[in-house]
Amino acid sequence: MKDLIGHLSRAARVHITAAAVTATTDAVPTAADQAHELLDMVTRLRSVPDLYHFDDLALEYQLTRPGAAREHLGSLLDPLNEHPELLDTLQVHIAHNLNRQRTARLLHVHTNTVDHRLKRIGQLTGFDPTMASGLWHLRSALVARTYRR
């Protein structure tokens, strides 16, 4: 399936993002809904074009389920509301596997600017995006935030 997506992407000369779910015949309607939810999720998270399976996104999927935890996690990024460039930097940085150079290139800024913004994100949120535990909270908050009311 991944090869098919690659061939289609090259033939169309565009990057393709797809979601696939394996299901038995009687579970196809449910699986189709789940595939649409996964595709919606990777679109909201601005994930890199690729073929995504449920196994790849199980944690993110769970974080998008309604409830108090999702609302709390989403609110962790509220200090960035007045700083859209910081939120954008965080999203791009995480979506591109924490690659500072690629993040800088995509945002049209210097890598030092990315570093300064990541430091500022840590100061405003209390979660350091350069540390595993801080990144865990910030990534979870980004996922939850995309589904907040």
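Computed from a prediction, not measured in an experiment: that's the story for all the values here.

Here is what the cut-offs are and how they apply
Residues numbered from 1 in each chain as written. Predicted model: local features only at pLDDT ≥ 70, side-chain atom pairs only at ≥ 80, totals over all residues. Heavy atoms only, no water. Helix = DSSP H or I, 4+ residues; strand = E, 2+ residues; numbered from the N terminus. Buried < 20%, exposed > 50% of the residue type's maximum accessible area, 1.4 Å probe, protein only. Contact = heavy atoms within 4.5 Å. Areas by Shrake-Rupley, 256 points an atom, 1.4 Å probe, with all protein chains shown as cover. Lys, Arg positive; Asp, Glu negative; His and termini not counted. Charge placed at Lys NZ, Arg CZ, Asp CG, Glu CD. Core = buried A, V, L, I, M, F, W, Y, C linked by side-chain atoms within 4.5 Å. Polar contact = N/O pair within 3.5 Å; in protein donor to acceptor, adjacent residues only side chain to side chain. Phe/Tyr/Trp six-rings, centres within 6.5 Å; stacked < 30°, edge-to-face > 60°. Lys NZ or Arg CZ within 6 Å of the ring centre and 35° of its normal. pLDDT = per-residue confidence, 0-100.

J.: How should I be thinking about the overall build of the protein chain in this particular structure?
T.: When helices and strands are tallied, the protein chain shows eight helices and two strands. Based on the C-alpha atoms only, the size of the protein chain along its principal axes is roughly 50 × 40 × 25 Å. Taken over 149 residues, the protein chain has a buried fraction of 39%. When contacts within the protein chain are restricted to residue pairs at least 6 apart in sequence, long-range pairs at least 24 apart make up 57% of them. Surface summary for the protein chain: the accessible area is close to 9000 Å², and the carbon and sulfur share equals 55%. A distance of 7 Å separates the average location of the 17 positive side-chain charges in the protein chain from that of its 16 negative side-chain charges.

J.: How should the nonpolar core be read in this particular structure?
T.: Note that soluble globular proteins tend to have their nonpolar side chains buried in a common cluster. Counting residues in each nonpolar core, the largest one holds 29 residues, and the members touching the most others are Leu77, Leu80, Leu90 and Ile121. Take this core: its biggest share by element is six residues, from helix α8 (residues 132-145). Beyond its immediate sequence surroundings of up to four residues, Leu77 is in contact with Leu87, Leu90, Thr125, Leu138, Ala141, Leu142 and Arg145.

J.: Whenever I open this one, the side chain of Thr103 confuses me. Can you help?
T.: Tracing the backbone through its elements, the reader meets Thr103 in helix α6 (residues 100-107). Within the local environment of Thr103, its side chain forms a polar contact with the backbone oxygen of Asn99, the two atoms lying 2.8 Å apart. Once residues within four sequence positions are removed from consideration, Thr103 is found in contact with Thr89, Val92, His93 and Val114.

J.: Could you clarify how one ought to interpret the packing of aromatic side chains in this entry?
T.: The description of an aromatic ring pair rests on the distance of the ring centres and on the angle between the ring planes. If you walk through the whole model with that rule in mind, you get one aromatic pair. Measuring from ring centre to ring centre gives 5.1 Å for Phe54 and Tyr61, while their planes differ by 70°; the resulting arrangement is edge-to-face. Exposure remark for Phe54: the relative accessible area of 26% places this residue in the partly exposed category. The exposure class of Tyr61 is buried, given its relative accessible area of 15%. Just above the ring of Tyr147 sits the side chain of Arg44; from NZ or CZ to the centre is 4.0 Å. The ring of Tyr61 is capped by Arg65, whose NZ or CZ atom sits 4.0 Å from the centre of that ring.

J.: In this structure, what is going on with the confidence of the model for the protein chain? I would like to understand it.
T.: Fine structural detail should not be taken from predicted coordinates in areas where pLDDT scores are low. On average, residues of the protein chain score 91 in pLDDT, and 99% of them reach the 70 mark or higher. For the protein chain, helix α1 (residues 2-12) is the element with the lowest average pLDDT, namely 81, and helix α7 (residues 111-125) is the one with the highest, namely 97.

J.: What should I look at first to understand the environment of Tyr61 in this one?
T.: In this fold, Tyr61 is placed in helix α3 (residues 54-63). For the pair formed by Tyr61 and Gln34, sequence separation is 27 residues and the distance between their alpha carbons is 9.5 Å. Setting aside its immediate chain neighbours within four residues, Tyr61 contacts Gln34, Glu37, Leu38, Met41 and Phe54.

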